[in-house]
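So the chains spell out like this:
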Amino acid sequence: MLNPKMFRPSLWLTELELPEFAVRGAVIIGQHRAVVWDTLSHPRDMALVRPLLDNKELIIVYSHADWDHVWGTVGLDYGEEPIVAQAECLARFSTDAPVTLQKKQTTEPGVWDEVVLVTPTLTFQAEYALDLGGVTLTLQHLPGHTEDCIVGFIPEWGILLAGDTIETPFPIIPRDSPLDQWIMALQKWAQDERVQTVIPAHGPIADRTLIERNLAYLQAIRDHQAIQPPTNLDDFYQETHDGNLQWRGPEG
Ligand SMILES: [Zn+2]
């Protein structure tokens with residue numbers, strides 16, 4: 001059972017160990033509204049989240065449409081609450097998201113039966129701000145890992161929710177990723193002195209130096225420089241690194 005952990009007052013982290021990797025979401029409680037940042041992989045992952053919301057108005061935010069981030073929504077006793085995401089995230093609910101669910105339901109019978117895909121109801125292109133009462137969550141499009149990736153910045157607390165745009169030991173880079181755009185956006189956050197804490201969906205929480213380490217890796221991949229990956233990579237990240245080396249860019 002996923003037990004949310006308090007990270008600081010009014011901010012809880014939802015951390016889940018999947019067989020292949022771990023994933024992390026968040027719950028932000030404002031005076032009037034509460035945000036669930038990603039609903040993770042399965043409705044049962046959200047069982048202990050609803051009680052945290054304390055009858056505040058619920059807003060769900062999807063960091064992107066990958067399965068480990070958006071499959072738990074009905075576990076929040078989902079009614080008609082707004083689900084905010086970047087416009088490309090909504091589009092993926094008609095393309096790859098149902099395909100992935102069907103694949104997993106076929107290869108692992110019984111395991112994913114309770115999952116229902118719940119599409120975003122409110123989309124934005126570049127930026128969107130949510131006033132929760134005493135605390136703000138600013139969402140920004142940051143494509144690269146997928147076309148619909150976003151980050152969420154909480155200025156009052158100096159916290160950047162990085163989703164899958166930042167990861168340890170390195171992010172997953174599709175072959176046609178717009179790496180120039182990804183790097184430019186991360187450079188902006190790396191230089192933003194308001195950011196004290198970076199909370200990614202995968203890998204340890206850290207300060208802004210985590211952004212610098214990801215930038216160095218992304219730049220080396222883009223520039224086809226020799227990379228010495230960290231030793232002792234597990235199978236998942238060894239495969240990820242081998243895949244990342246196949247990067248050719250949007251035109252390639
Ligand atoms: Zn992920």
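Our structure is the block above this text.
First, a word on scope: everything that follows refers to the structure included in this document.

Parameters at a glance
- Residues numbered from 1 in each chain as written.
- Predicted model: local features only at pLDDT ≥ 70, side-chain atom pairs only at ≥ 80, totals over all residues.
- Heavy atoms only, no water.
- Helix = DSSP H or I, 4+ residues; strand = E, 2+ residues; numbered from the N terminus.
- Salt bridge = Lys/Arg side-chain N within 4 Å of Asp/Glu carboxyl O.
- Buried < 20%, exposed > 50% of the residue type's maximum accessible area, 1.4 Å probe, protein only.
- Donors = N, O, S within 2.8 Å, 3.2 Å for Na, K, Ca; no water.
- Tetrahedral: all angles 85-135°; square planar, octahedral: opposite > 155°, others 65-115°.
- Core = buried A, V, L, I, M, F, W, Y, C linked by side-chain atoms within 4.5 Å.
- Contact = heavy atoms within 4.5 Å.
- Expected span 1.5 Å × (residues − 1).
- Arc of directions from axis to C-beta.
- Pairing = 2+ DSSP bridges.
- Axes fitted to C-alpha atoms, helices over the stretch in contact; angles between N-to-C directions.

### Details of unusual backbone geometry
A cis amide bond links threonine 168 to the next residue, proline 169, at an omega of 5°. At serine 10, a residue that is not glycine, the phi angle is positive and equals roughly 70°. Notably, aspartate 38 is not glycine yet its phi reads approximately 75°, a positive angle. Counting through the fold element by element, aspartate 38 comes out in the loop between β4 (33–37) and β5 (57–61).

### Describing the pattern of salt bridges
All told, the structure shown has 11 salt bridges when counted by the stated rule. Residues aspartate 66 and arginine 92 are paired through a salt bridge, measuring 2.6 Å at the closest nitrogen-oxygen approach. With aspartate 66 in the loop between β5 and α1 (67–70) and arginine 92 in helix α2 (residues 87–92), the pair connects residues that are 26 residues apart, well separated along the chain. For the pair aspartate 66 and arginine 92, one class covers both residues: buried.

### Some details on the coordination of the zinc ion
The coordination sphere of the zinc ion, as far as protein atoms go, consists of Asp68 (OD), His69 (NE2), Asp164 (OD) and His202 (NE2), spread over 2.1 to 2.6 Å. Classification of the site at the zinc ion rests on its 4 donor atoms, whose angles at the metal span 83 to 171°, yielding the label irregular. Every donor residue of the zinc ion comes from the same chain, spaced as D-H-x94-D-x37-H. Remark: histidine 202 occurs in strand β12 (residues 197–202) and histidine 69 occurs in helix α1; sequence separation between them is 133 residues.

### Focus: the nonpolar core
Val36, Leu53, Tyr62, Trp71 and Leu76 are the most contacted members of the largest nonpolar core, which totals 31 residues. Within the residue set of this core, elements represented by two or more residues are β3 (22–29), β4, β5, α1 and β6 (83–86). It is β3 that contributes the most residues to this core, 3 residues altogether. When sequence neighbours within four positions are dropped, the list of residues in contact with valine 36 reads Ala26, Met46, Val49, Leu53, Leu58, Ile59, Ile60, Val61 and Leu76. Listed in part, the 26 residues of the second largest apolar core include Leu186, Val195, Tyr217 and Leu233.

### Considering helix α3 (residues 96–107)
Over its 12 residues, α3 runs 16 Å from end to end, which matches the ideal 16 Å to within 8%, given 1.5 Å per residue. Looking only at α3, the buried set comprises Ala97, Leu101 and Lys104. In a view along the axis of α3, the buried residues occupy a sector of 70°, so they form one face of it. Across α3 from its buried face, at more than 90 degrees, point the exposed residues Gln102, Lys103, Thr106 and Thr107. In this structure, the buried residues of α3 make contact with α1 and α2.

### Some points on the sheet that holds strand β11 (residues 159–167)
Strand order in this open sheet of 5 strands is β8-β9-β10-β11-β12, and the pairing throughout is mixed. Of all the strands in the sheet, just β8 (127–131) and β12 have a single pairing partner and so form its edges. On average, each strand axis in the sheet is tilted by 25° relative to the strand beside it, whichever way the strands run. The strands touched by helix α5 (residues 209–222) within the sheet are β11 and β12, with β11 carrying the most contacts at an inclination of about 20°.

These figures come from the coordinates and say nothing about function on their own.
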